Amino acid sequence: KGGSSSSSLAERLRYIQAFGEPAASAAPSQRMGVVAGHMGCEGDCCESRKIRHLQKSQADRAVERMLEKLFSLHDPDGRGAAPEAAVVELVARLMALQQGVDLGEAGQDEVRSRLGHSGQPVSFASFETFVADALRSHSHGTASQCSVLQQLISECVDQNLAEMTEKLFRVQDLNDDGFLDESELVQLNKKVAMLHYGKDIDKEEISAKYKDLFRSKLDASGSPVSLARFRRHILSELEGIDADRVAQCSILEQWVLEAISARLSFRDPSMQSLNDLPFL
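Counting of residues starts from 1 at the beginning of each chain's written sequence and follows it residue by residue. Per-residue local features are limited, in this predicted model, to residues with pLDDT of at least 70; the limit for side-chain atom pairs, both in listing and counting, is 80 or more; totals at the level of whole chains, interfaces and linings are taken over all residues. By convention in this description, side-chain values take in all heavy atoms of the structure and omit both hydrogens and water.

Student: Can you lay out empty space enclosed by the protein for me, pointing to particular residues and giving the numbers?
Tutor: Here a cavity denotes a set of grid points, spaced 1 Å apart and computed over the protein atoms alone, in which a 1.4 Å probe fits but from which it cannot get out, and a pocket denotes an open set meeting protein on both sides within 12 Å along at least five of seven lines; residues with an atom within 4 Å of a point are reported as lining. Grid points are joined across faces, edges and corners, and a volume is the space filled by probe spheres set on the points. The full count for this structure, using the stated rule, is one cavity of 30 Å³ or more. Reported here for the largest cavity is a volume of approximately 30 Å³. Residue lining of the largest cavity: Gln-187, Lys-190, Lys-191, Met-194, Lys-203, Met-271, Ser-273 and Asp-276, and that is the complete set. Helical segments are the DSSP runs of H or I of at least four residues, strand segments are the runs of E of at least two, and each set is numbered from the N terminus. Broken down by element, the lining of the largest cavity gets its largest block of residues, four residues, from helix H8 (residues 182-197). Split by residue class, the lining of the largest cavity holds two nonpolar, two polar and four charged. When residue character is reported, Ala, Val, Leu, Ile, Met, Phe, Trp, Tyr, Cys and Pro are called nonpolar, Asp, Glu, Lys and Arg charged, and the others, Gly included, polar.

Next comes the structure, spelled out in structure tokens:
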């Protein structure tokens, strides 16, 4: 009988580790405790404590993972440090979500005061401690904390995608007129190809490829497009590559860096051509 109870507990713990506790799992053990008397109740209470401990550990790990994801959105180069200003804004927003009111500049001043006004980048360890303390001070239970963190992550992703999409547009807008021309897209991507594969690429092939892309994805007549149209195209492309919006931020960041390198190459005489003249 004792072996059977131990086996049942082990199976139940393994199930919970994999899937979480079933909604009705408490009822059978409660009935067993009533029938078995004092000894059965004591065993059932021990089992319940183990289950609650396991569930708490899983919830804590969920919070830790979300904090890591949130930090990574403010540490795009992976150096392990986030700008203090970004952390201040983030924690002030967290406090506003918890308290249901926009705290404005006063909220940010309070956060700066807690951070010590150092102006230095914030490490993950400090970020985790600081944000976790802020969460615990106003959010009761890990479910509430996860909900607040998820909203913060969603807001940060939206902001990052919007900012980086605009940056990519500005970098590709070679004549800085506020529109993306077909010729700009073509010439910039020639430079990208040259940086990747050398100067002997088939430039006519690149021209045909990106003219087709511009007319099929941006404007059928080849007319210049606005940032709004470009943004819709980029977000659609990212969604087709990876549905994870945090991963989309990383992909878009790589595109921006590549475009910056390509634009800088216009200054390299060895990579210039007659078609570059309108953009020099």
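Student: Explain the nonpolar core to me, and be specific about the residues and the numbers.
Tutor: Within the largest apolar cluster, 61 residues are counted, with the highest numbers of intra-cluster contacts made by Leu-70, Val-91, Phe-127, Val-131 and Leu-149. The greatest single-element share of this core, amounting to 12 residues, is contributed by helix H7 (residues 142-172). Only heavy atoms enter the contact rule, under which two residues are in contact if any of them lie within 4.5 Å. Setting aside residues no more than four positions away along its own chain, Val-91 makes contact with Val-111, Phe-130, Val-131 and Ala-134. As used in this record, nonpolar core signifies buried Ala, Val, Leu, Ile, Met, Phe, Trp, Tyr and Cys residues forming a set joined through side-chain atoms within 4.5 Å. The cut-offs for exposure are 20% and 50% of the maximum accessible area for each residue type, with area from a 1.4 Å probe on protein chains only; residues under the lower value are buried, those over the upper are exposed, and the others partly exposed.

Student: How would you sum up the packing of aromatic side chains? Please name residues and give values.
Tutor: By convention, a stacked pair of Phe, Tyr or Trp rings (six-membered ring in the case of Trp) has centres within 6.5 Å and planes under 30 degrees apart, an edge-to-face pair has planes over 60 apart, and any other such pair is tilted. Tallied over the entire structure, the rule returns three aromatic pairs. Their ring planes at 70° and their centres at 5.3 Å tell us that Phe-71 and Phe-124 sit as a pair that is edge-to-face. You can see Phe-71 sitting in helix H3 (residues 38-73) and its partner Phe-124 sitting in helix H6 (residues 124-138), a full 53 residues away along the chain. Connected via pairs of aromatic rings, a cluster forms that spans Phe-71, Phe-124 and Phe-127. Each ring is checked for a lysine NZ or an arginine CZ that lies within 6 Å of its centre and within 35 degrees of its normal; such an atom marks a charge sitting over the ring. When the ring centre of Phe-266 is taken as reference, the NZ or CZ atom of Lys-191 above it lies at 5.0 Å.

Student: So what about the layout of surface pockets? Which residues, and what values?
Tutor: Where empty space is left in the structure can be found by rolling a water-sized probe over the atoms. Considered as a void within the structure, the largest pocket measures approximately 900 Å³ in volume. As for the largest pocket, its lining consists of 34 residues, of which Leu-73, His-74, Gln-159, Asn-160 and Glu-163 are closest to the centre. Where the lining of the largest pocket is concerned, the elements lending two or more residues are H3, helix H4 (84-99), helix H5 (104-115), H7 and helix H11 (245-264). Counting residues per element, the lining of the largest pocket draws most heavily on H7, at eight residues. Here the lining of the largest pocket is composed, by residue class, of 17 nonpolar, seven polar and 10 charged.

Student: Let's hear about the side chain of Gln-172: which residues, and what values?
Tutor: Its location among the elements puts Gln-172 in helix H7. In contact with Gln-172, other than residues within four places in its own chain, are Leu-180, Glu-184, Leu-185, Leu-188, Asn-189 and Phe-230.

Student: Kindly report on the state of the cysteines, identifying the contributing residues and their values.
Tutor: Disulfides are defined as pairs of cysteine sulfur atoms found within 2.5 Å of each other. Scanning the model with the defined rule gives zero disulfides in all. Sulfur of Cys-156: no disulfide; nearest cysteine sulfur belongs to Cys-249 and is 9.3 Å away.

Student: An account of unusual backbone geometry is needed here, citing residue identities and associated values.
Tutor: Here Asp-176, not a glycine, exhibits a phi torsion of approximately 55°, which is positive. Structurally, the position occupied by Asp-176 is in the loop between H7 and H8. Since its relative accessible area comes to 56%, Asp-176 is described here as exposed.

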